[in-house]
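Given next are the chains, with one letter for each unit.
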Number of protein chains: 6
Amino acid sequence: MPDLIAFGEVMVRLAPPHFQRLEQARSLDIEIGGAEFNTAAGLTRLGRTAGWVSRLPDNPLGKLIANRVREAGVSTDFVQYVPDARCGLYFLEFGASPRPSSILYDRKDSATAGVACGMFDWPKIFTGAKWFHVTGITAALSFGAAEVVDEAMHAAHAANMSVSVDLNYRSKLWTREHASQVMGLLLPMCDVLIASEADAEHLFGITGNDFTEVAKQLVDKFGVKTVVGTRREADLVWKNKFACVGYSAGKTYESAWYEVEIVDRLGAGDALASGLIHGLLDGDLKKGVDYGAAMGALKHTIPGDIPWINRDEVEAALKGQGLRIKR
Amino acid sequence: MPDLIAFGEVMVRLAPPHFQRLEQARSLDIEIGGAEFNTAAGLTRLGRTAGWVSRLPDNPLGKLIANRVREAGVSTDFVQYVPDARCGLYFLEFGASPRPSSILYDRKDSATAGVACGMFDWPKIFTGAKWFHVTGITAALSFGAAEVVDEAMHAAHAANMSVSVDLNYRSKLWTREHASQVMGLLLPMCDVLIASEADAEHLFGITGNDFTEVAKQLVDKFGVKTVVGTRREADLVWKNKFACVGYSAGKTYESAWYEVEIVDRLGAGDALASGLIHGLLDGDLKKGVDYGAAMGALKHTIPGDIPWINRDEVEAALKGQGLRIKR
Amino acid sequence: MPDLIAFGEVMVRLAPPHFQRLEQARSLDIEIGGAEFNTAAGLTRLGRTAGWVSRLPDNPLGKLIANRVREAGVSTDFVQYVPDARCGLYFLEFGASPRPSSILYDRKDSATAGVACGMFDWPKIFTGAKWFHVTGITAALSFGAAEVVDEAMHAAHAANMSVSVDLNYRSKLWTREHASQVMGLLLPMCDVLIASEADAEHLFGITGNDFTEVAKQLVDKFGVKTVVGTRREADLVWKNKFACVGYSAGKTYESAWYEVEIVDRLGAGDALASGLIHGLLDGDLKKGVDYGAAMGALKHTIPGDIPWINRDEVEAALKGQGLRIKR
Amino acid sequence: MPDLIAFGEVMVRLAPPHFQRLEQARSLDIEIGGAEFNTAAGLTRLGRTAGWVSRLPDNPLGKLIANRVREAGVSTDFVQYVPDARCGLYFLEFGASPRPSSILYDRKDSATAGVACGMFDWPKIFTGAKWFHVTGITAALSFGAAEVVDEAMHAAHAANMSVSVDLNYRSKLWTREHASQVMGLLLPMCDVLIASEADAEHLFGITGNDFTEVAKQLVDKFGVKTVVGTRREADLVWKNKFACVGYSAGKTYESAWYEVEIVDRLGAGDALASGLIHGLLDGDLKKGVDYGAAMGALKHTIPGDIPWINRDEVEAALKGQGLRIKR
Amino acid sequence: MPDLIAFGEVMVRLAPPHFQRLEQARSLDIEIGGAEFNTAAGLTRLGRTAGWVSRLPDNPLGKLIANRVREAGVSTDFVQYVPDARCGLYFLEFGASPRPSSILYDRKDSATAGVACGMFDWPKIFTGAKWFHVTGITAALSFGAAEVVDEAMHAAHAANMSVSVDLNYRSKLWTREHASQVMGLLLPMCDVLIASEADAEHLFGITGNDFTEVAKQLVDKFGVKTVVGTRREADLVWKNKFACVGYSAGKTYESAWYEVEIVDRLGAGDALASGLIHGLLDGDLKKGVDYGAAMGALKHTIPGDIPWINRDEVEAALKGQGLRIKR
Amino acid sequence: MPDLIAFGEVMVRLAPPHFQRLEQARSLDIEIGGAEFNTAAGLTRLGRTAGWVSRLPDNPLGKLIANRVREAGVSTDFVQYVPDARCGLYFLEFGASPRPSSILYDRKDSATAGVACGMFDWPKIFTGAKWFHVTGITAALSFGAAEVVDEAMHAAHAANMSVSVDLNYRSKLWTREHASQVMGLLLPMCDVLIASEADAEHLFGITGNDFTEVAKQLVDKFGVKTVVGTRREADLVWKNKFACVGYSAGKTYESAWYEVEIVDRLGAGDALASGLIHGLLDGDLKKGVDYGAAMGALKHTIPGDIPWINRDEVEAALKGQGLRIKR
């Protein structure tokens, strides 16, 4: 029944407070994060409904993740619990110029990575849904996971749903060659592709003078209808400029630029995807680009991966409402 | 006996740590805040004495407030405790660009709002005092509170005290029309008016090309002797430029500008008022504008609403002493 | 669709850490709590499904509560959001012998208290449900709330559901006379009554030599089928003995006694109710009394009002499995 | 004007949270503590007024102490600020059986220890006051401090005030011989002596079969009118039994025993002193012994040295009101 | 050069504060723990020197462990860093009666588990050392780890060192059959065996009327010289009675019993082993049993697995010095 | 055996969290800091070995310091423990523009300040070492400390070690005249001098148009071979520009400039010294200047005084690798 179904891993995120290095830390703050779930959560903030499909270990960490997925308003009805499995973890160190933030993955052999075709009843899951969202991270988890992405995309097309893919290349998870090959096989089933120009070049050798040139080639190569990218100027770790750009059917749409004071950089791209899909569910790429930029910009101001943003805040940002305290 | 008597509400302020949204928070930091008290506290930091007049619930939250008022060096001798009353609360979310900070008031039907004429023995309270300070927030609390402001101002004049009013329009507390009407009745009893150009226009339709033009009209309209304003450039949530400007008897005084790295924006205007009154108690508006700007600027760097600033720090700021660690 | 529907208020609970008095506190830990919801959450821990019916303010505190209700696995599908309403709060001070713990309510005029007949579509809410649970606290909130309890109980009977009421007299919310009158009107629609011997005497003048004698009189007076009570020996604040006793159709059932090292006393009775209903949903009062005692005993060991207990832990407690670290 | 004047040192107390050893700690909780001030604070909780006389360094730690003394409702009007002085500190490790709690003093050469005769205008300080309280700890600080105790006691007698001394022998501050000699000179000016039987034997060689026998000898030897002692049974670190006993004019009074679940053991004896003086200010030693025991017992349940207790809680304890949550 | 060489895994230990369940936690406290290292750390507290041999991942978590091992005074000179390996983790939930504490291991495929014969130059590591200590946990990690235990024990004998083994059966790591077989092969190389009567029966089918009978059979079966056991009475989670018993050459030695108020139960047995080895290094089993009991009892009072105990505290405990605050 | 021997005091550093003023703080974060030790720690991060020579009180604070020195990988083999001594402390308030950060020293009469010639066996300590590092802070501690610096420098020369001195003038520790005189006597034994242009003028009256002119005069006056300085542009408290410059044998070397988002400003100069010495140990001043700038810049991003930086991060900074999250 939810508008959106997202498939992917959610990990427990463990980060030392106040810029500490992991090796000096005495406590870790717990958040959860996973690209597809983050996007699903963003959709619920905008008034849509969303469900998350995945596998979790049947232990306290798996329960922690399910609890918090529900807390964010996303359905766990289709989550499977795996006995004796382990939970994907990631450790996050917040940096500051000139030291970038850094992630240590400990997600190998997780419950989600053990997924295989046939485990999920996609036609049932997709009943009543309009949109399927997945990212390249899921495909990178394991051979089985990549196969299930393929399986789900086929089922989504059969159900007349739209499919979006965020390319999201992670060099710590797989090689360029492997990613290029697998994503090359999956993208033809994708309607909306979110991809950076850097990844387009890195994985597919596609270059161009500007976003539009790159987007056109991605459309030509993979048959996607829409290509969307994030724009970021990052001279510092804690202050960036951020915008969104989209291309479809020969036209390019650009959002306003936002100057963002960064509280937590993680999940900004996923929040952008949620704003984008929100617009596209209304059949309006311009709206998607604008909402995507606003959702992404606002996400930078919120601790954790989840975009705890209200729709009126998005609309205020779109109107350029100022920075005075609301009182 | 104190130099300054301040009348108004102090609330318990509850804010999630580290930029969290309220709805994701697991703990709240407790501060207290109330515009008039904040100013009284600022005066004590500059070596003056101050007392705070109000009503508190006779419960642990009321005691918390009284404890902390005393901690800040302000007398609670004239505070009344009300059985079975509730305590004004406000919840604060710290924002970051492009998300402004936000306040959720839960102060309705508070002990202070239940104030009525005749409850306070103003002549006794004002014995030996030189200055009475109040803000438009108090007048906004309730009909009774506005009446008591009127009552106190009359008593202050009878006691040959100076009276300052910080206009401080709060759209979440009353409408523009209501505020305009009530403040219009109260201001003629005011000697020193602190008002932003925006509020002057919003409440009284007064506009001008610059502060001086606006101030002159406020002087003409209400008979106040002095008008003081805050200047703020706020392109970001966490870095602003800040200054003070004052007008009296045909002359305009401007402070230096301060670039402020903001730790806690709340109470900056109240701290400015304390520096201003400190100068005016010495009969020196120029000093008031300079101390006001420095107190206000320094307040931005301190957590909570209370300006825990030392006089030597104000003087160092006035001299433009640099930013090197003092060691 | 859920097995159980619970109706009542959930408040934001604010407690200073580590036994601090409120007036000395610098931070508050946030939990949520509400008797009926706590019981609903307990049911989900035992593998049942549950939904919570209530009204919340349409503000960040209302969202916080809804988020956490979902986090606990309880459906918020039938929650209504009220603009410009306030959120019920309670402040909790943990005591230690000889100082009892203490609660300061700030729940007057809350969104939930503003409930009135006709606001909820009970037949729709009850579709597919088996059990309705409410407590005397809800009836104490306001005249409207008591009326809605009556309305809901009638609807539950019409839907062939069982109805349980936890008497839960709160002297800070209403007088003995008022409680006696209102609860006396409501109890005839109740199947299962949870009541302490003290409340039975205090509200209804019913006394007896033991629980069975009291229970029989409650059955006779109100026509309830089952009466259940908590047994507690509390010589200290942080160590108690705890058990459950139930009466129905002439037979009395007693659970084992548990020695409990108390981490958080709140919600123990509500957890007992969940274990009880779990057994009664299987038609087994003996099971209900046993699960109730174990759920209640285990709840004492968990921070917050919510019984984050696993079914295997309940079963281990029932078997008297020891206290060695599980490793 | 205050009822009670207390003279002594207040230190910044620094303690690791949650039973950590200092050497493993990453943060320290800040409280303030000083035997005489603690007693003064206790008096204000019972509705009396109290002032504290001392010397503090003119630096942020001195300000912290003054702020918190005022927060506790005790006047700092007679506190002197010393430039370039240091602040007395103590580090506290909470133990658990079989490891006792432990204190590391770092108070040498503190501002208070630098006190000398003539620094305080005792006749002015004592104007309107009824009671002077000091402890053996102050006399132990330095030669100058012992002299000032003598000076103050003489001034108190001249002002017709009562004088109480808590013997409070601290082996880390001075030797038995030194304490015996100095306290032997001071006690003849004392009206009310608080002393343990162990200290009476240790310092003065006084022994007896019970408290009364010891008290009689102290009365005989030093001419004090009243002798009061604490009774404690301490088989564990975190659970004790506690009571108070007093002797005067041939009669011995004993309080009820309290079983105390200990949150913070520090300041229990000082709280006892405040209850005692509260009774004696009413001329009622029996009341003093009872209130002393209740104040002391309740203090164990509160973090920090300050007895944040309300008079109604003392009265409830005296009535043996139970341990049920107040709600 | 160190007196003792310990071989085994150290994990990062992650525990929610204040009795929270993992699934409700928002932060985790970080400690490190590993049975053999814990014992090595205990030896350094008693004035001995100790080194720890293991393998760590070459990432921030591995560095965290090495940092803290050094912090505890144990040498990391023989630690190897493994690229692209993962760090053993364990998650700890503190219980309270009737809920036992619980451990969730996430240590599979850790750097330490990947150890194999030939990786360590034991003769070099053992140069100058007197004692080798290992536990059954290390043997349980992997086939390779068990082989390296064997390798190290042979090398220790060749170096004329004493060898102690703590049986420490962990049912979450291996089956009884597997443990029985592997430990049966290793124990003949052991001089001092620490084993509970329960494990003796569980793994080897050895039973007896008392410790001495069991110890004798273990001596007979495996040729060990000395058998040592822990005695614990655990009616509650947070208060136990604790003692040590040892057998050698026909004689049984028993320590005093300690009543322990438990702060952190983990590592108590390892601390006991350190006190035991401390005595045995002086050739005195009686001393070992007494120091073992005192070290183990005191460890219960300290957060984390590491026994931050001072020798004078051990000696005070042995003398039965009381529980008064040391001040 | 370590490459570097550092001599100086390490203090316990106590700082309120989140920009609080000391006087409003309720807790303090504990770090350790001491200029020479900080530099030694930096060397270990770059793969060198280092030992720290000092005196600590034989109490829990002294142990805390030793524990954490070892945690940072620096040897404490030559630390002496002094009974009944006190530990140097410093209290740190973090500022924000326009309020600078501020330090309150409480280090008088510390164990380290009590050092005297003959206490350390320098020839033994220096066996196998290549470099001796000290700062002007040590010389400022006491007459004895200055003498021991002289003693150690002579011994270092006798051992053919290089000697570096960081001038580090601290006006809160000694007067300009005293510092000028003592450092003037010590510097002729120094090979590498780290000094700011401001200190060169302030202490020695040396001025110049640029760093090179100043450095030449320092070389001429004191016979040092190399002079190194920090360059800092500090318009704000939390964002600076930072670089390093060095002069030797007629040539000046400048590093790249780094824009630093400051987390903790303390120890940046000491980290620079470690990078510098790292280069000079390879006989390469250019490398030293580059590594010094990178180490110093990166230190700003890490809480506490210790540079928890990895060599690969230094190398990435030197290559100008960007600020994207590493994932």
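Please read all numbers here as calculations on a predicted model, not as lab measurements. (Residues numbered from 1 in each chain as written. Chains lettered and ligands numbered in written order. Predicted model: local features only at pLDDT ≥ 70, side-chain atom pairs only at ≥ 80, totals over all residues.)

## Observations regarding the overall build of chain A
In terms of helices and strands, chain A carries 11 helices and 15 strands. A compact globule built from 327 residues would reach a C-alpha radius of gyration of about 20 Å, and chain A, at 19 Å, matches this within 12%. For chain A, the C-alpha atoms occupy an extent of roughly 50 × 50 × 40 Å along the three principal directions. In chain A, buried positions account for 63% of the 327 residues. (Helix = DSSP H or I, 4+ residues; strand = E, 2+ residues; numbered from the N terminus. Rg over C-alpha atoms; globule rule 2.2 N^0.38 Å. Buried ≥ 20, exposed ≤ 12 C-beta atoms within 10 Å, placed from the backbone.)

## Regarding the packing of helix 10 (residues 285–299) of chain B against helix 11 (residues 311–318) of chain B
Residues and elements named next belong to chain B. Running from amino to carboxyl end, helix 10 crosses helix 11 at an angle of 110°, the nearest separation of the two axes being 9 Å. Relative to helix 11, helix 10 is oriented roughly perpendicular. Together, D290, Y291, A294, M295, A297 and L298 of helix 10 and E313, V314, A317 and L318 of helix 11 make up the contact between the two elements. Residue composition of the contact of helix 10 with helix 11, by class: eight nonpolar, no polar and two charged. (Axes fitted to C-alpha atoms, helices over the stretch in contact; angles between N-to-C directions. Parallel < 35°, antiparallel > 145°, perpendicular 65-115°, else oblique. Contact = placed C-beta atoms within 7 Å. Nonpolar A, V, L, I, M, F, W, Y, C, P; charged D, E, K, R; others polar.)

## Some thoughts on the sheet that holds strand 8 (residues 102–106) of chain C
Note on sheets: strands pair through backbone hydrogen bonds, and any given pair is parallel or antiparallel. What the eight strands build is an open sheet, ordered 8(B)-7(B)-2(B)-3(B)-3(C)-2(C)-7(C)-8(C); its pairing is mixed. The sheet is open, and its two borders are formed by strand 8 (102–106) of chain B together with strand 8 of chain C, each paired with just one other strand. Strand after strand, the sheet turns through a mean of 30° between neighbouring axes, direction not considered. Direction of pairing for strand 2 (residues 11–15) of chain C relative to strand 7 (residues 89–93) of chain C: parallel, over a ladder of three bridges. Looking at the pairing, L14 of chain C lines up with F91 of chain C of strand 7 of chain C. (Pairing = 2+ DSSP bridges.)

## A short note on the environment of A268 of chain C
Residues and elements named next belong to chain C. Assignment of secondary structure puts A268 in helix 9 (residues 268–281). Residues A268 and L46 lie 222 residues apart in sequence; the distance between their C-alpha atoms is 15 Å. The residues contacting A268, other than those within four sequence positions of it, are G296, K299 and H300.

## Here we look at the sheet that holds strand 8 (residues 102–106) of chain E
Strand order in this open sheet of eight strands is 8(A)-7(A)-2(A)-3(A)-3(E)-2(E)-7(E)-8(E), and the pairing throughout is mixed. The sheet is open, and its two borders are formed by strand 8 (102–106) of chain A together with strand 8 of chain E, each paired with just one other strand. Between one strand and the next, the sheet's axes are offset by a mean angle of 30°, whatever the strand orientation. In this sheet, strand 3 (residues 27–33) of chain E lies alongside strand 2 (residues 11–15) of chain E in antiparallel orientation, the contact comprising five bridges.

## A short note on helix 8 (residues 211–222) of chain D
Residues and elements named next belong to chain D. Relative to the 16 Å expected for 12 residues at 1.5 Å per residue, helix 8 spans 16 Å between its end C-alpha atoms, a close match to the ideal helical length. Listing the buried residues of helix 8 in full gives F211, V214, A215 and L218. Taken around the axis of helix 8, the buried residues stretch over an arc of 100°, which confines them to a single face. For helix 8, the secondary structure elements touched by its buried residues are strand 11 (192–194), helix 7 (197–204), strand 12 (226–233), strand 13 (239–248) and strand 14 (251–254). Backbone geometry just downstream of helix 8 places G223 in the positive-phi region, at approximately 75°. (Expected span 1.5 Å × (residues − 1). Arc of directions from axis to C-beta.)

## Focus on the nonpolar core
Membership of the largest hydrophobic core comes to 710 residues, with the highest contact counts inside it found for L193 of chain A, L193 of chain B, L193 of chain C, L193 of chain D, L193 of chain E together with L193 of chain F. Excluding its chain neighbours within four sequence positions, the residues that come into contact with L193 of chain F are V165, L167, L187, L218, F222, V224 and V227 of chain F. (Core = buried A, V, L, I, M, F, W, Y, C linked by C-beta atoms within 7 Å.)

## Things to note about helix 1 (residues 35–45) of chain B
Residue and element names in this part refer to chain B. With 11 of its 11 residues buried, helix 1 lies for the most part within the structure. For helix 1, the full list of buried residues reads A35, E36, F37, N38, T39, A40, A41, G42, L43, T44 and R45. Of the residues trailing helix 1, G47 is marked for its positive phi of about 100°.

## Things to note about unusual backbone geometry
Of note, the amide linkage connecting S97 of chain D to P98 of chain D takes the cis form, showing an omega dihedral of 5°. The phi dihedral of F19 of chain F falls on the positive side, at around 70°, and the residue is not glycine. As for its placement among the helices and strands, F19 of chain F is situated in the loop between strand 2 (11–15) and strand 3 (27–33). For F19 of chain F, a count of 19 C-beta atoms within 10 Å gives the class partly exposed. A positive phi angle is found at D109 of chain F, which is not glycine, with a value near 60°.

## Regarding the relation of the copies chain B and chain A
For the pair chain B and chain A, the relating rotation is 120°, the translation along its axis is 0.0 Å, and the fit reaches an RMSD of 0.0 Å. The symmetry that links the two subunits is that of a three-fold axis. Considering only C-alpha atoms, the part of chain B nearest the rotation axis is H18 of chain B, at 5.3 Å. (Least-squares fit on C-alpha atoms with pLDDT ≥ 70 in both.)

## Some words on the environment of F94 of chain E
Residue and element names in this part refer to chain E. Here F94 is to be found in the loop between strand 7 (89–93) and strand 8. Spatially, the C-alpha atom of F94 lies 8.1 Å from that of P16, the residues being 78 residues apart in sequence. If we skip the residues at most four places from it in the chain, F94 touches A15, F19 and S101.

## Focus on the environment of R70 of chain F
Counting through the fold element by element, R70 of chain F comes out in helix 2 (residues 60–71). The spacing of R70 of chain F and A41 of chain F is 29 residues in sequence and 9.4 Å in space, taken between C-alpha atoms. Sequence-distant contacts of R70 of chain F, defined by excluding residues within four places in its chain, comprise R70, E71 and G73 of chain E together with T76 of chain F.

## Considerations on the pairing of strand 12 (residues 226–233) of chain B
Residue and element names in this part refer to chain B. As judged from the three bridges shared by strand 11 (residues 192–194) and strand 12, these two strands associate in the parallel manner. Counterpart to V192 in the pairing with strand 12 is T226. Pairing of strand 12 with strand 13 (residues 239–248) involves eight bridges; the strand directions are antiparallel. What sits directly across from V228, in strand 13, is G246. Once strand 12 ends, the chain turns through five residues before running back antiparallel as strand 13.

## Quick look at the confidence of the model for chain A
Taken as a whole, chain A shows an average pLDDT of 97; of its residues, 100% reach a score of 70 or greater. Prediction confidence for the complex, expressed as pTM and ipTM, is 0.97 and 0.96 respectively. (pLDDT = per-residue confidence, 0-100.)

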